[in-house]
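Chain residues, written in single-letter form:
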Amino acid sequence: MYRNSLLERMYSSVDPERGTGASSSGQRRILGASTSQCAVLIGHRGLKMNHQPDEAIRENTVRSLIECHRAGATYAEFDIQVTADGVPVLWHDDQVVTTNGDREVFHEVSELSLQAFRTLTSGCPVEFEGRVHQLVRNPRFECQKNTQSTRPLPWTCKGDASGMSATLQEAFEQAPPELGFNIELKFDSKRVSSAVERAFHLSSTLRVVKAYASGRPMLFSSFDVDACLEVRGLQEEHPVFMLTCMEKEHPDPRRRSLHAAVVVALAFGLDGIVADNSHLFKELAQVERLRNAGLPLFSYGPANCNSVLVSMQIAAGVSGIITDDIGICVNTISILDGFTTQEARKIESSEPVEEWTEYPAVTHVDMRPVLVATA
């Protein structure tokens, strides 16, 4: 059952000495296949994305990376913005949002120095340019929709040092060395980036990677297609994945469907795709096309916090799970690994393979309406 759909794909190019899955180019390998025969487990923004403004550990921090590793993930996904003085920092949004009295202020990360970025993201009331500012969550995430407040709530962290913003260099130096990094290169999501923007962002990031990666397992990803192609050309060591949310109205047509992403990945030698799971099962032919080409497909989205939906995605051909609930996924993948090992032994011994009664829905239930409902 799983052997044909998963093991052959994950181990189609395996270095027997290292035990790691390889990209279709055979050059940029993805660590993680050796720890699971089913899927690579990746923590979203470290341990998890912050869904509330007062969670114990802030996303995209060194503490979040450490806890991600402790929870059992092979990789941590995190976002990289670059400050005005050329320092790559872990931050998701293009902007840092603060309140100044009754007014919301949006500060572009690319226009802030590292010192100003650190000041504004401290989580405490701080003086900046002569006024007192308080960090809040970007309103578009609706992270306080379950509260009674009509005003943005302070984005704070309960634990000491849990909310300190981090540079990419600090992440390399302080995160556990065996934790893989999925570095998402962030650009303005609503427009096509300029060559000048990309050159500054990529050169700043690659400079730190070259100096501090020290053999750490790593891959790059981005929604910005041109950034993917350029970072693919600027370095050969680390895999490059194209992110797609299949946004139908996006000005870049290459970002509007999984089919378009597959075309780009195959034509330009990218190493895999990361796709929004709420749209994944609308394009099952493309999932199969990636499987046949030996290219990994990772997924992200709310469904990756549900064990049944994770199981069904893996059965359909997803080989990496980016999740906000590492614990659930550790248990799910462990169970599936047990099934895979059990089947492999039966095949190798030529014994009749009995149908499993556990998780009967994993391989033949159509999850498309479920995924759409949870999006």
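Our subject is the structure that appears above.
These remarks concern the structure in this document. (Residues numbered from 1 in each chain as written. Predicted model: local features only at pLDDT ≥ 70, side-chain atom pairs only at ≥ 80, totals over all residues. Heavy atoms only, no water.)

1. Some words on the pairing of strand β13 (residues 272-276)
Okay, so step 1: By the criterion of burial, β13 is predominantly enclosed, with five of the five residues buried.
Okay, so step 2: Side chains of β13 alternate between two faces, with Gly272, Val274 and Asp276 and Ile273 and Ala275 buried alike.
Okay, so step 3: In terms of strand pairing, strand β12 (residues 240-244) meets β13 through four bridges, oriented parallel. Bridge pairing links Met242 to Ile273 in β13.
Okay, so step 4: Note that the unit made of β12, helix α7 (residues 258-268) and β13 has a crossover that is right-handed.
Okay, so step 5: Pairing of β13 with strand β14 (residues 297-300), which is carried by four bridges, proceeds in the parallel orientation. Each residue of the ladder has a partner; that of Ile273, found in β14, is Leu297. (Buried < 20%, exposed > 50% of the residue type's maximum accessible area, 1.4 Å probe, protein only. Helix = DSSP H or I, 4+ residues; strand = E, 2+ residues; numbered from the N terminus. Pairing = 2+ DSSP bridges. Right-handed = clockwise from strand over helix to strand, strands pointing away.)

2. Some points on unusual backbone geometry
Okay, so step 1: Of note in this structure, Asn60 is not a glycine but carries a positive phi near 55 degrees.
Okay, so step 2: In this structure, Asn60 sits in the loop between β3 (40-44) and α2 (62-71).
Okay, so step 3: Residues other than glycine seldom take positive phi values, yet Glu129 does so here, at roughly 50 degrees.
Okay, so step 4: Following the sequence through the fold, Glu129 ends up in the loop between β8 (126-128) and β9 (131-135).
Okay, so step 5: Relative accessible area serves as the criterion here: at 71%, Glu129 is assigned to the exposed category.

3. Side note on the packing of α7 against helix α9 (residues 284-293)
Okay, so step 1: Axis separation between α7 and α9 bottoms out at 9 Å; the angle between their running directions is 20 degrees. Taken together, the axes of α7 and α9 lie roughly parallel to each other. For the element pair α7 and α9, the recorded crossing hand is left-handed. Contacts between α7 and α9 involve Leu258, His259, Val262, Val263 and Leu266 on the former and, on the latter, Gln286, Val287, Arg289, Leu290 and Ala293.
Okay, so step 2: A per-class count over the contact of α7 with α9 returns seven nonpolar, two polar and one charged. (Axes fitted to C-alpha atoms, helices over the stretch in contact; angles between N-to-C directions. Parallel < 35°, antiparallel > 145°, perpendicular 65-115°, else oblique. Left-handed = near helix turned anticlockwise from the far one by under 90°. Contact = heavy atoms within 4.5 Å. Nonpolar A, V, L, I, M, F, W, Y, C, P; charged D, E, K, R; others polar.)

4. Let's talk about the sheet that holds β9
Okay, so step 1: Here four strands make up an open sheet; going across it, the order is β7-β6-β9-β8 and the pairing antiparallel. Since the sheet does not close on itself, it has two edges, and those belong to β7 (103-108) and β8, each with one partner. The mean angle between the axes of side-by-side strands here comes to 45 degrees, regardless of whether they run parallel or antiparallel.
Okay, so step 2: With six bridges joining them, strand β6 (residues 95-100) and β7 adopt antiparallel strand pairing. Across the sheet, the residue bridging to Gln95 is Glu108, located in β7.

5. Things to note about the layout of surface pockets
Okay, so step 1: Approximately 270 Å³ is the volume found for the second largest pocket.
Okay, so step 2: Of all the secondary structure elements, the ones that give two or more residues to the lining of the second largest pocket are β4 (75-82) and α5 (195-212).
Okay, so step 3: Per-element accounting of the lining of the second largest pocket gives the leading share, three residues, to α5.
Okay, so step 4: Classifying every residue of the lining of the second largest pocket gives four nonpolar, three polar and six charged. (1 Å grid on protein atoms, 1.4 Å probe; cavity = no way out; pocket = protein on both sides within 12 Å on 5 of 7 lines; lining within 4 Å. Points joined across faces, edges and corners; volume = space filled by probe spheres on them.)

Remember that the coordinates give geometry; whether it matters functionally is a separate question.
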